[in-house]
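Chain residues, written in single-letter form:
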Amino acid sequence: MFGGDYNPEQWDAATWAADDALMREAQVNTATVGVFSWALLEPAEGSYSFDWLDATLDRLHANGVRVVLATPTASPPPWFTLAHPDALPVRPDGSRLWHGSRDTYCAAAPAYREASLRIAAELGKRYGSHPALAMWHVHNEYGTMCWCDHAASAFRAWLRARYGSLDSLNEAWGTAFWSQHYSSWDEVLPPRATQYLPNPGQSLDFRRFWSDELLARYVEQRDVLRSHTPEVPITTNFMGPENLVMDPWSWGREVDAVAVDHYLSSASPVAGAADIAFVSDWARGIGGGRPWLLMEQAPSTVISDGVLTHRSPGRMLSDSLEYVARGSDSALFFQWRASRAGAEMYHPALVPHAGPDSRMFAETVALGATLSRLGEVAGSVPVPASAAVMVDASSQWALQTRGLPSPHVRHLDVARAVHGALWRSGIGCDVVAAGADLSAYSLVAVPAVYLMSSSSAASLRAYVAGGGQLVVTFCSGIADEQHRIWLDGYPGVLRDVLGIRVEEFHPLQPATSAGLVADGGSWTGRLWTERPRTERLWTGRLWTERLRAEGASVLAAYDSGDLAGLPAVTKHSFGAGTAWYLSTLLSDDALAALLGSIADAAGVPASPPGVSVTRREGTDGRSWLFAFNHGSSAAWVPTSGVDLLTGVAVAGTLEVPPGRYAVIREEAR
Ligand code: GAL
């Protein structure tokens, strides 16, 4: 799918005609329509105006463009707000938000639910059999939370179902502290603004509640649409992992295709490619390894600290192929044509304000031409990696709780650091959920997976005992799934596997670092060499801790301060496998060297550092190899077939010059 969000309601007939011609020129085949169109589709309660949407779908169909049709429920019209003020969202401090932007609703409010299902049903009825309809796009980026009374009563119902009794809830939240004991369900509230620190268990459960509540809202719209169109796939677009209000692992099962919006975090080519790799691997993981859809990306630009920055020419194309290499079946954008007015009028678009006579549109045409040569790849399945990184929404949320040892430790930052180190070492990686079946992996990394149930820990234990290589970082397995500390030394639930015991946390201020010395030897690149103990080997940041080895061997120790001489990095044989522990966030190079050598020893296949090689397989025995060289020297990749981008045959070895890429249709192997 190539194209993106299309908002013809902002334009006149002359522009529509121009759009048709430009879409043909760019070989656009997909338009996402109607995302925020509620006020135009239902200008007054129960009265509908579908003429413009009828005309749009007919026109797109005639032009060979398939439609991803959205339900517009992410932006209720002004009349809705005025008629149902109780459905407006309320912030933790009790203030209510007004219309005038978007996403102005409480998803738990009965009036909002009713109105949403009504408009979804109308769309299902009217467009269910339209030949342009390719897919339903429910809502847009579910992600609003609300602290109102409707949310409070839905939260209580959710808590009752989870805990069964108030006694269990009191126990789980540790309400014996600070006189928070609840004697009646009616006393339980959302974590509204409080005088001092909120209750960690309550805050965590509220995040989980909203994930489930929003999922229920998605499912009810989905089911209405499905009743009209049992054959048409239905999805919703997820925000990237950092901004996600929901736990994507539970949503992955409910969507027909995982669809993700990804706005790059960096304009730098290498950091950008690492970001794409992480988010793509995550998106693929959510769908259980299926192909997925990149539903939105920004053409050309990255907004960095509020300042619009351009990706360099050509990168929109190569970045789009990076997503495809990691399982995306689409390159869809927000948006087709830049708006003249409205909150996002400066947001980049495939057709910019300057019009088609522009660098941006020329790149759009080039991308369309390239993607048209890759149509055969769609639907093929990405080959699973041999290494995996664990990502856990509850740990991300729990580590954001105020009152923890450091506000600077974020699960996703550590997960990205570990994933990035593997990526820089040329090692392909899957992203897996806590508790996932790990048996197919040779190497599993657990990066600041702060909350860990005894059953997730048991699956890690079984994985190592069975011969797996496990790398665990600081801040993993510290608390149970209710955010209650595992006692008798951290990380209580993994101590035996790791052969260590942590007594105290010594987190670091952001600008400081800790020196590490090798305990008997070290890696240089991927080679282990003996070194004198005094030589500083690595540095760590973010976190250090007072750690005892209890069975583990010490690979590196802290070189100074109160922790001088104490273990920093350890290795423990457990059953048939090995568990490694990193008590600090190693510098990027050190992390890449260490993980690279562990992966080598575990037999994980790797390409040269900085080179990313992935494969997708079709059902007919065909496969496609994608290679990107982010390094500074040429790389050689074993493969035979034909380069779909250039038409050149490859026999045995593909040369990928620095900064270049290739897509090879491989001969049947
Ligand atoms: C997305 C959203 C789009 C648009 C875009 C701008 O999060 O779904 O509607 O607002 O951001 O970057």
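So, a few notes on the structure that sits alongside this text. Since we're looking at a predicted model, the values are computed, not measured.

Cut-offs applied
- Residues numbered from 1 in each chain as written.
- Predicted model: local features only at pLDDT ≥ 70, side-chain atom pairs only at ≥ 80, totals over all residues.
- Heavy atoms only, no water.
- Buried < 20%, exposed > 50% of the residue type's maximum accessible area, 1.4 Å probe, protein only.
- Helix = DSSP H or I, 4+ residues; strand = E, 2+ residues; numbered from the N terminus.
- Pairing = 2+ DSSP bridges.
- Axes fitted to C-alpha atoms, helices over the stretch in contact; angles between N-to-C directions.
- Parallel < 35°, antiparallel > 145°, perpendicular 65-115°, else oblique.
- Left-handed = near helix turned anticlockwise from the far one by under 90°.
- Contact = heavy atoms within 4.5 Å.
- Nonpolar A, V, L, I, M, F, W, Y, C, P; charged D, E, K, R; others polar.
- Core = buried A, V, L, I, M, F, W, Y, C linked by side-chain atoms within 4.5 Å.
- Near = heavy atom within 4 Å.
- Polar contact = N/O pair within 3.5 Å; in protein donor to acceptor, adjacent residues only side chain to side chain.
- Expected span 1.5 Å × (residues − 1).

1. Considerations on the pairing of strand 25 (residues 577–582)
Regular strands have side chains that alternate between both faces of the sheet. For strand 25, the tally of buried residues reaches six of six residues, placing the bulk of the element in the interior. The pairing of strand 16 (residues 469–473) with strand 25 spans five bridges and is parallel. Residue pairing in the sheet places L470 in a bridge with A579 of strand 25. As paired elements, strand 24 (residues 567–574) and strand 25 share six bridges and run antiparallel to each other.

2. Focus on the packing of helix 14 (residues 411–424) against helix 17 (residues 588–601)
In the contact formed by helix 14 and helix 17, the axes pass within 8 Å of each other and the chain directions differ by 65°. Considering their axes alone, helix 14 and helix 17 lie roughly perpendicular with respect to each other. Crossing of helix 14 over helix 17 shows right-handed handedness. Contacts between helix 14 and helix 17 involve A417, V418, A421, L422 and R424 from the former and D588, L591, A592 and L595 from the latter. Across the contact of helix 14 with helix 17, the residue classes break down as seven nonpolar, no polar and two charged.

3. Here we look at the nonpolar core
Grouped together as the largest cluster of nonpolar side chains are 193 residues, with contacts concentrated most on W210 and V569. Looking at this core element by element, the count peaks at nine residues for helix 8 (residues 200–228). Not counting chain neighbours up to four residues away, the residues in contact with W210 comprise C106, A107, A108, T144, M145, C146 and A151.

4. A closer look at the site of the ligand
Lining the immediate environment of the ligand, one finds F36, R102, N140, E141, D261, Y263, E296, F334, E344 and H347. At 2.8 Å from an oxygen atom of the ligand is found a side-chain nitrogen or oxygen belonging to N140.

5. Some words on the environment of P190
Relative to the helices and strands, P190 resides in the loop between helix 7 (166–173) and helix 8. The residues contacting P190, other than those within four sequence positions of it, are W147, C148, A152, F155, Q202 and F206.

6. Here we look at the sheet that holds strand 30 (residues 641–643)
Remark on secondary structure: sheet strands pair via backbone hydrogen bonds, oriented parallel or antiparallel. The strand order across the open sheet formed by six strands is 12-27-28-33-30-31, and the pairing between neighbours is antiparallel. The strands lining the two open edges of the sheet, one partner per strand, are strand 12 (381–382) and strand 31 (649–650). As paired strands, strand 30 and strand 31 are joined by two bridges and run antiparallel to one another. Counterpart to G641 in the pairing with strand 31 is V650.

7. Regarding helix 6 (residues 149–163)
In a regular helix each residue adds 1.5 Å, so 15 residues correspond to 21 Å; helix 6 covers 21 Å between its end C-alpha atoms and thus fits that length. Turning to helix 6, its buried residues are A151, A152, A154, F155, R156, W158, L159 and Y163. Taken together, the buried residues of helix 6 touch helix 7 and helix 8.

8. Considering the sheet that holds strand 15 (residues 443–446)
The sheet built from ten strands is open, its strands ordered 14-13-15-16-25-24-23-18-21-26 with mixed pairing. Both edges of this open sheet fall to strand 14 (429–432) and strand 26 (585–586), since each of them pairs with a single strand only. Against the sheet, helix 14 makes contact with strand 13 (387–390), strand 14, strand 15, strand 16 and strand 26, and its axis sits at roughly 165° relative to strand 13, the strand it touches most.

9. Some points on the packing of helix 6 against helix 8
Two elements in contact, helix 6 and helix 8, have axes separated by 10 Å at closest approach and are oriented at 100°. In terms of orientation, helix 6 lies roughly perpendicular with respect to helix 8. Residues A151, A154, F155, W158, L159, R162 and Y163 of helix 6 pack against Q202, D205, F206, R208, F209, W210, D212 and E213 of helix 8. The residue inventory of the contact of helix 6 with helix 8, partitioned by class, reads nine nonpolar, one polar and five charged.

10. Notes on the side chain of Q202
Position of Q202 among the secondary structure elements: in helix 8. A relative accessible area of 9% means that Q202 is categorised as buried. At 2.8 Å, the side chain of Q202 and the backbone oxygen of L189 are in polar contact. Apart from the residues lying within four places of it in its own chain, the contact partners of Q202 are F155, W173, Y182, L189, P190 and P191.

Geometry only, nothing functional implied.
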